[in-house]
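If you want the building blocks of each chain, they are given just below.
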Amino acid sequence: PNMLDRVECDYYGAMTPLNQMATISVPSSQQLQISPFDKSTLTDIEKAIIYSGLGFTPSNDGTVIRINIPALTEERRKELLKQCKSIGEEAKVAVRNIRRDGVDKIKKMEKNGDLGKDQALDGSDALQKLTDDHIKMIDETVAKKEKEVTTL
């Protein structure tokens, strides 16, 4: 069910996470079943899954959506590796953007006289250390996930 955590559906004009719109169950090891709380959202959920880029083809029987998960082939493993690296890179970019915003605020505070030069340097150094730590955590997580995907 965690595979669908990043899937969001249009629900009355607002993008809503799938797990807040439906119950996701696992009837067998190769299948997911999605039971929406509001049956009128079945087609929206189905479209969101198709456009999510996960490579799943949902089947809608009018009351629930079923997703058959294919066995991992070499090709599918490569796709998952690409997706894993892409998500890791997005996370790194987000962390770097946060660092940039923080450094800009520190410079602004220094310029306004709220911080001394030493305090600004200390703040920038601390922010850089936090950034490096988080990027290292992201790299470790991606490496761990890559190992999981490639292990037969």
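Residues numbered from 1 in each chain as written. Predicted model: local features only at pLDDT ≥ 70, side-chain atom pairs only at ≥ 80, totals over all residues. Heavy atoms only, no water.

> Any chance you could explain the layout of surface pockets here in plain terms?
Which parts of space are left empty comes out when a probe the size of a water molecule is rolled across the atoms. Of the volumes computed, that of the largest pocket is approximately 1,000 Å³. In this structure, the largest pocket is lined by 30 residues; those nearest its centre are Met3, Leu80, Gln83, Ile87 and Lys145. Considering every element that reaches the lining of the largest pocket, the biggest residue donor is helix H2 (residues 74–112), with 9 residues. Looking at the lining of the largest pocket residue by residue, the classes come out as 14 nonpolar, 8 polar and 8 charged. (1 Å grid on protein atoms, 1.4 Å probe; cavity = no way out; pocket = protein on both sides within 12 Å on 5 of 7 lines; lining within 4 Å. Points joined across faces, edges and corners; volume = space filled by probe spheres on them. Helix = DSSP H or I, 4+ residues; strand = E, 2+ residues; numbered from the N terminus. Nonpolar A, V, L, I, M, F, W, Y, C, P; charged D, E, K, R; others polar.)

> What is the right way to read the environment of asparagine 68 from this model?
Along the chain, asparagine 68 falls in strand E6 (residues 65–68). Separated by 40 residues in the primary sequence, asparagine 68 and serine 28 have C-alpha atoms spaced 9.5 Å apart. In contact with asparagine 68, other than residues within four places in its own chain, are Gln30 and Gln31. A polar contact of 3.1 Å, which involves the side chain of asparagine 68, links it to the side chain of glutamine 31. (Contact = heavy atoms within 4.5 Å. Polar contact = N/O pair within 3.5 Å; in protein donor to acceptor, adjacent residues only side chain to side chain.)

> Can you help me understand the environment of aspartate 104 in this one?
Positionally, aspartate 104 belongs in helix H2. A residue is classified by how much of its surface remains accessible, and aspartate 104, at 40% relative accessible area, is partly exposed. Taking the C-alpha atoms as reference, aspartate 104 lies 40 Å from isoleucine 50; in sequence the two are 54 residues apart. (Buried < 20%, exposed > 50% of the residue type's maximum accessible area, 1.4 Å probe, protein only.)

> I tried to follow unusual backbone geometry on my own but got confused; where do I start?
Among all residues except glycine, the phi angle is most often negative; among peptide bonds, the trans geometry is most common. In this structure, tyrosine 12 takes a positive phi of about 55 degrees despite not being glycine. According to the relative accessible area criterion, tyrosine 12 is exposed, its value standing at 68%.

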